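# A closer look at the structure
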2 protein chains.
Amino acid sequence: MTVTIIGIGLIGGSMAISLKESGFAGKIIGVDRIQDNLDKAIRRRLIDEDMDLERGIAEADVVILAIPVDGMISLLPRVMDLVDQQVVLDVGSTKYALAEGLRQHPKRGRYVGTHPMAGTENSGPEAAIPGLFDGRSCVLCDVADSDVDAVEITKKLYTALNMNLLYLDAYAHDIHCAYVSHISHISSFALALTVLEKEQDEGRIFDLASGGFGSSVRLAKSSPDMWVPIFEQNRDNVLDVLDEHINTLAQFRSLLIKKDFNKFRMMIEKANHIRKILK
Amino acid sequence: MTVTIIGIGLIGGSMAISLKESGFAGKIIGVDRIQDNLDKAIRRRLIDEDMDLERGIAEADVVILAIPVDGMISLLPRVMDLVDQQVVLDVGSTKYALAEGLRQHPKRGRYVGTHPMAGTENSGPEAAIPGLFDGRSCVLCDVADSDVDAVEITKKLYTALNMNLLYLDAYAHDIHCAYVSHISHISSFALALTVLEKEQDEGRIFDLASGGFGSSVRLAKSSPDMWVPIFEQNRDNVLDVLDEHINTLAQFRSLLIKKDFNKFRMMIEKANHIRKILK
């Protein structure tokens, strides 16, 4: 199959590696607004060829959109206008706004909304790595709105990436992701800011980061180009979870003020319950 | 050298492994309130022999206290009362209260307060692993209050564990650790509680945890036996940083409410600065 990837960054580039390696894709075509990304992708052999949008779509069996979700909102309908029998996937971290924008599109059936839940804090084609998706979860959204063959090809594609498939509607997807992904990023950004603010000595931060801080702020290195649009599109759900999170921290604060370490212990024991769910 | 380790858990057990492996310790003696821990430690060959406190100290060249910091407060003076020329180290995550409690002790010079900044979210002798301290930082506190030979032996010990040595006074240590370690744990506990509260479907949490949540809540698996006493002893510093952290989250919240995504972006860009400090 010929796979055209629009946006050759961390996700698009890593998909290119694994789709080629698994044999799913015979040919990978790269499309990117930034010529430098395409040049890097060619040099790294992530893609076989670069093309403009129209030709890239015309020559593809499968088209994958892997750009930030704000660009997706305007680009996806344009891509669908150019589609004949190709399957079109997006890999965005928010799904509802995108699905809504396409509801009336005559080619809606050729589109499958997906969210491969994998990534690192790095971005750009130089960040692409093999095995990024291995064993991770991929959400397929609103599959009843897609053509049966388009869903089948999508399932084959993510199975080739060795991902576990999950099915959710776009609305539920966005709520769940606010809980298990988006709030973690806000928390990490805030933690980094707090420490940068309070700890003026950068050497100290570096020296002492092995005390848990290093792993907690890994996500704080994430790109605003990717994340601001996610928070924009999932604002209501994120606000809801953020309120809850601030309340929980305020409870810890109040117990510290009151020196009520029995209740403090009970809250930690409750939090430990996460151990039963994750590993 | 004969090293007696009081408290054969994650830290004590992992030190036992590496001190033996590096050749620093010819013999490791284990002392533990819980006989089952000692039995496990013998079966895992973490220690050569178990003894009671008095004999363990009498036979040692170096005594290491590796128990939760609340137990340390009462046990450390007792240990010092039994000491002749042995060197005594503790490995607690808070240092000020401990140092204060020992200020007038006639044997103060034989004690060196240390904090090897390494760990995992697991505990007990079964959690002990090789290489835990490798390349991490170890803080030595108030070394001017210790005998020169005691400090020298301590430096050799942590160098044998392949740790990077740092020097701080106990008061400064506790402030820095509130920033770069303790707040990360509260944030992680709170995040786990938030998600456990909001996301009733445990299967979903598991399925979707690859979106950043898994790494953010790793610390939330940490034991309350270890952490409650840390928060108790470092309450004032932790409260100070926690206030700042809640304020920062409230800023993110307020920007979401106002849909001010330009300022939201600026905050993320500022948080990204952590990338220049950590890797």
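Since we're looking at a predicted model, the values are computed, not measured.

Scanning chain A from terminus to terminus reveals 13 helices and 8 strands. At 21 Å, chain A has a C-alpha radius of gyration in line with the 19 Å of a compact globule built from 279 residues. Counting the 279 residues in chain A, one finds 58% classified as buried. Nonlocal contacts in chain A, meaning residues at least 24 apart in sequence, comprise 70% of its contacts between residues at least 6 apart. With the model as given, the accessible surface of chain A reaches about 11,000 Å², and the carbon-plus-sulfur share is 48%.

Let's shift gears to the domain arrangement of chain A. Residue and element names in this part refer to chain A. The domain boundaries assigned to chain A delineate domain 1 (2–169) and domain 2 (173–277). Facing 18 residues of domain 1, the contacting portion of domain 2 comprises 15 residues. Across the domain 1 to domain 2 interface the summed buried area is about 1,400 Å²; carbon plus sulfur atoms make up 62%. Its largest share of buried area at the contact with domain 2, domain 1 owes to Ser93, Thr94 and Glu121, together 41% of the area lost on that side. Linking domain 1 with domain 2 are 1 salt bridge. The salt bridge involving Arg218 is made with Glu121; its shortest N-O contact spans 3.1 Å. Counting every contact that joins domain 1 to domain 2 gives 7 residue pairs in polar contact (both at pLDDT 80 or more). Contributing elements (two or more residues each) for the side of domain 1 that touches domain 2: helix 4 (69–81), helix 5 (96–101) and strand 7 (137–141).

Formed by 115 residues in total, the largest nonpolar core has its most connected members in Phe231 and Phe252 of chain A together with Val79, Phe231, Phe252 and Ile274 of chain B. Among residues more than four places away in sequence, those in contact with Phe252 of chain B are Ile186, Phe189, Ala190, Leu193 and Leu242 of chain A together with Phe264, Met267 and Ile268 of chain B.

For the rest of this paragraph, the subject is the interface of chain B and chain A. Accessible area lost during the coming together of the parts is what is often quoted as the interface size. Across the boundary between the two partners, chain B contributes 88 residues, which contact 88 residues of chain A. With both sides pooled, the region where chain B packs onto chain A buries about 8,700 Å², and carbon together with sulfur makes up 68% of that total. The largest contributions to the chain B side of the interface with chain A come from Lys198, Leu208 and Lys221 of chain B, which together make up 8% of the buried area. The tally of links between chain B and chain A comes to 5 salt bridges. Inspection of the region where chain B meets chain A yields 29 residue pairs in polar contact (both at pLDDT 80 or more). Looking at the side of chain B that touches chain A, the element that brings in the most residues is helix 7 (residues 170–198) of chain B, giving 19 residues. Broken down by class, the residue content of the side of chain B that touches chain A amounts to 46 nonpolar, 19 polar and 23 charged.

Moving on, we get to the packing of helix 11 (residues 235–257) of chain A against helix 11 (residues 235–257) of chain B. It is at 10 Å that the axes of helix 11 of chain A and helix 11 of chain B come closest, and there the two elements cross at 160°. Viewed along their axes, helix 11 of chain A and helix 11 of chain B adopt a mutual orientation that is roughly antiparallel. For the crossing formed where helix 11 of chain A meets helix 11 of chain B, the hand is left-handed. Residues of the contact of helix 11 of chain A with helix 11 of chain B, tallied by class, amount to 18 nonpolar, 2 polar and 6 charged.

A word on the relation of the copies chain B and chain A. Screw-axis analysis of chain B against chain A gives a translation of 0.0 Å along the axis, an RMSD of 0.0 Å, and a rotation angle of 180°. Each copy turns onto its partner about a two-fold axis. Among all residues of chain B, the minimum C-alpha distance to the rotation axis is found for Ser216 of chain B, at 2.8 Å. In this assembly the copies share their binding face: 100% of the residues contributing to the interface of chain B also contribute to that of chain A.

Moving on: the sheet that holds strand 6 (residues 111–116) of chain B. Residue and element names in this part refer to chain B. Ordered in space as 3-2-1-4-5-6-7-8, the 8 strands form an open sheet in which the pairing is mixed. Single-partner strands in this sheet number two, and they are strand 3 (49–50) and strand 8 (164–168). Relative to strand 6, strand 5 (residues 87–90) runs parallel, the two being bridged by 3 bridges. Within the sheet, the bridge partner assigned to Asp90 lies in strand 6 and is Gly113.

Now for the confidence of the model for chain A. Looking at chain A, the pLDDT average stands at 94 and 100% of residues meet or exceed 70. For this predicted complex, the interface score ipTM comes out at 0.91, while the overall pTM is 0.90.

Cut-offs used in this document
Every residue gets a number counted from 1 within its own chain, in the order that chain's sequence is written. Both sets of labels track the order of writing: A upward for chains, 1 upward for ligands. With pLDDT at 70 or above as the cut-off, local features in this predicted model cover only qualifying residues; side-chain atom pairs require 80 or more to be listed or tallied, and sums for whole chains, interfaces and linings still use all residues. Calculation of side-chain values draws on the structure's entire complement of heavy atoms; hydrogens and water are dropped beforehand. Counting from the N terminus, the helices are the DSSP runs of H or I reaching at least four residues and the strands are the DSSP runs of E reaching at least two. In this description the radius of gyration comes from C-alpha coordinates, and the expected globular size is given by 2.2 Å times residues to the power 0.38. Relative accessible area decides the class of each residue, using a 1.4 Å probe on protein chains only: under 20% of the type maximum gives buried, over 50% gives exposed, and in between gives partly exposed. Throughout, a residue-residue contact means that at least one pair of heavy atoms, one from each residue, lies within 4.5 Å. All accessibility values rest on the Shrake-Rupley procedure with a 1.4 Å probe; residue burial counts only the protein chains present in the view. What fixes the domain bounds is an automatic or database domain assignment. For any pair of parts, buried area is found by adding up, for both, the accessible area (1.4 Å probe) each one loses once the two are put together. Salt bridges, as used here, are contacts in which a Lys or Arg side-chain nitrogen is within 4 Å of a carboxyl oxygen on Asp or Glu. Polar contacts, as used here, are pairs of N or O atoms within 3.5 Å; protein pairs need one atom able to donate a hydrogen and one able to accept it. Residues neighboring in sequence count only if both atoms are side-chain atoms. In plain words, nonpolar cores are sets of buried Ala, Val, Leu, Ile, Met, Phe, Trp, Tyr and Cys residues tied together by side-chain atoms within 4.5 Å. Residues are grouped as follows: nonpolar covers Ala, Val, Leu, Ile, Met, Phe, Trp, Tyr, Cys and Pro; charged covers Asp, Glu, Lys and Arg; every other residue, Gly included, is treated as polar. Working convention: axes come from line fits to C-alpha atoms, limited for helices to the stretch in contact. Angles between N-to-C directions cover 0 to 180 degrees. Orientation categories follow fixed angle ranges, with anything under 35 degrees roughly parallel, anything over 145 roughly antiparallel, 65 to 115 roughly perpendicular, and all other angles oblique. In this scheme the crossing of two helices becomes right-handed for a clockwise turn of the near helix relative to the far one and left-handed for an anticlockwise turn of less than a right angle. Superposition of the copies was done by least squares, using only C-alpha atoms of residues whose pLDDT is at least 70 in both. We call two strands paired when DSSP finds no fewer than two bridges between them. The predictor attaches a confidence to each residue, called pLDDT, with possible values from 0 through 100.

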